[in-house]
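The chain contents come next:
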Amino acid sequence: MTHQLPVLPYAQTALGEVLSAHTLQFHHGKHHQTYVDNLNKLIPGTEYESLSLEAIVAKAPDGAVFNNAAQVWNHTFYFEALCAPGSSTSAPCACIAEQFGSFEAFKEAFNKSAIGLFGSGWTWLVKDGDGKLSLVNESNAGNPLRKGLKPILCVDVWEHAYYLDYQNRRAEYLNKIWDILNWTVINKRF
Ligand code: MN
């Protein structure tokens, strides 16, 4: 099957000053697109050709097929959970505050984890089989589906996610990202 770049569920200018249209032009239009294109070049004639994207992410061994498939999946999951600043019509699931002490404590722990991720990767809120929530850092294209964990929220901390707007200031990007999270989308993932 041929994988497609999902259309953003908002205009490129929608995320305002948190993530500029310039960032989205490159991050969605170039980086995300390139992972889709690479995956489509890699899988014809292989066992991955007929698998869903999620099945490839779960099963492919470390290597080019996994890296590109996971980067497609991760970026789709990231972009679909964003919205215009302050426009989320839902509040974060109360389960977050219940398990982390408060929503502020969760934010602090998430940002600390993301700031501490060395190099390129993703910080995830995940749920395990017992319903317990936790934070997981994954390097490069890493995806918690491979560990049997359910992804709830991810933030891209590759420099390409924030460099055009924040240069090297990852902490500032992380402080602002909370203004553009779409909790209607995220809450459905629990
Ligand atoms: Mn990215």
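Residues numbered from 1 in each chain as written. Predicted model: local features only at pLDDT ≥ 70, side-chain atom pairs only at ≥ 80, totals over all residues. Heavy atoms only, no water.

### Some thoughts on the domain arrangement of the chain
It is common to give the size of an interface as the accessible area lost on bringing the parts into contact.
Thinking step 1. Domain annotation for the chain reports domain 1 (21-80) and domain 2 (94-188).
Thinking step 2. One C-alpha centre belongs to domain 1, the other to domain 2; they are set 20 Å apart.
Thinking step 3. Summed over both partners, the interface of domain 1 with domain 2 comes to about 1,700 Å²; 61% of that surface belongs to carbon and sulfur atoms.
Thinking step 4. For the domain 1 face of the interface with domain 2, the top three residues by lost area are Thr23, Phe77 and Tyr78, together amounting to 32%.
Thinking step 5. Where domain 1 packs against domain 2, one counts one salt bridge.
Thinking step 6. The shortest N-O distance in the salt bridge between Asp62 and Arg146 comes to 3.1 Å.
Thinking step 7. Listing elements by their share of the side of domain 1 that touches domain 2, those giving two or more residues are helix 1 (21-42), helix 2 (53-59) and helix 3 (64-79).
Thinking step 8. If one sorts the elements of the side of domain 1 that touches domain 2 by residue count, helix 3 sits on top with nine residues. (Domains from an automatic or database assignment. Buried area = accessible area lost by both parts, 1.4 Å probe. Salt bridge = Lys/Arg side-chain N within 4 Å of Asp/Glu carboxyl O. Helix = DSSP H or I, 4+ residues; strand = E, 2+ residues; numbered from the N terminus.)

### As for unusual backbone geometry
Across residues other than glycine, the phi torsion is negative in most instances, and most of the peptide bonds are trans.
Thinking step 1. Of note in the backbone geometry, Asn140 takes a positive phi value of approximately 55 degrees without being a glycine.
Thinking step 2. Within the element layout of this structure, Asn140 appears in the loop between strand 2 (133-139) and strand 3 (150-156).

### So, the packing of aromatic side chains
Thinking step 1. Tallied over the full model, the rule gives 15 aromatic pairs.
Thinking step 2. Here the aromatic rings of Phe77 and Trp124 are separated by 6.1 Å at their centres, their planes lie at 35 degrees, and the arrangement is tilted. One end of the pair, Phe77, is in helix 3; the other, Trp124, is in strand 1 (residues 121-127), and 47 residues separate them in sequence. Of the two residues, Phe77 and Trp124, both sit in the buried class.
Thinking step 3. For the pair Phe103 and Phe106, a centre-to-centre distance of 5.6 Å together with 50 degrees between the ring planes defines the contact as tilted. You can see Phe103 and its partner Phe106 sitting in helix 5 (residues 103-115), three residues apart, about one turn around the helix.
Thinking step 4. Its relative accessible area of 0% is what places Phe106 among the buried residues.
Thinking step 5. An aromatic cluster is defined as three or more aromatic residues linked by ring pairs; in this entry it consists of Trp73, Phe77, Tyr78, Phe79, Trp122 and Trp124.
Thinking step 6. Taking NZ or CZ as reference, Arg146 lies 3.8 Å from the ring centre of Phe66, over its face.
Thinking step 7. Sitting over the face of the ring of Phe77, Arg189 holds its NZ or CZ atom 3.4 Å from the ring centroid. (Phe/Tyr/Trp six-rings, centres within 6.5 Å; stacked < 30°, edge-to-face > 60°. Buried < 20%, exposed > 50% of the residue type's maximum accessible area, 1.4 Å probe, protein only. Lys NZ or Arg CZ within 6 Å of the ring centre and 35° of its normal.)

### So, the pattern of salt bridges
Thinking step 1. Enumeration according to the criterion identifies six salt bridges in this entry.
Thinking step 2. The partner of Glu80 in a salt bridge is Arg189, and the shortest N-O contact between them spans 2.9 Å. In this pair, Glu80 is assigned in the loop between helix 3 and helix 4 (94-100) and Arg189 in the segment after helix 8 (183-187), connecting sequence segments 109 residues apart.
Thinking step 3. Taking relative accessible area as the criterion, Arg189 reaches 9% and is therefore assigned buried.
Thinking step 4. Notably, a salt bridge pairs Lys147 with Glu138, separated by 2.8 Å at the nearest N-O pair.
Thinking step 5. Sharing partners across several salt bridges, the network here consists of Arg169, Glu172 and Lys176.

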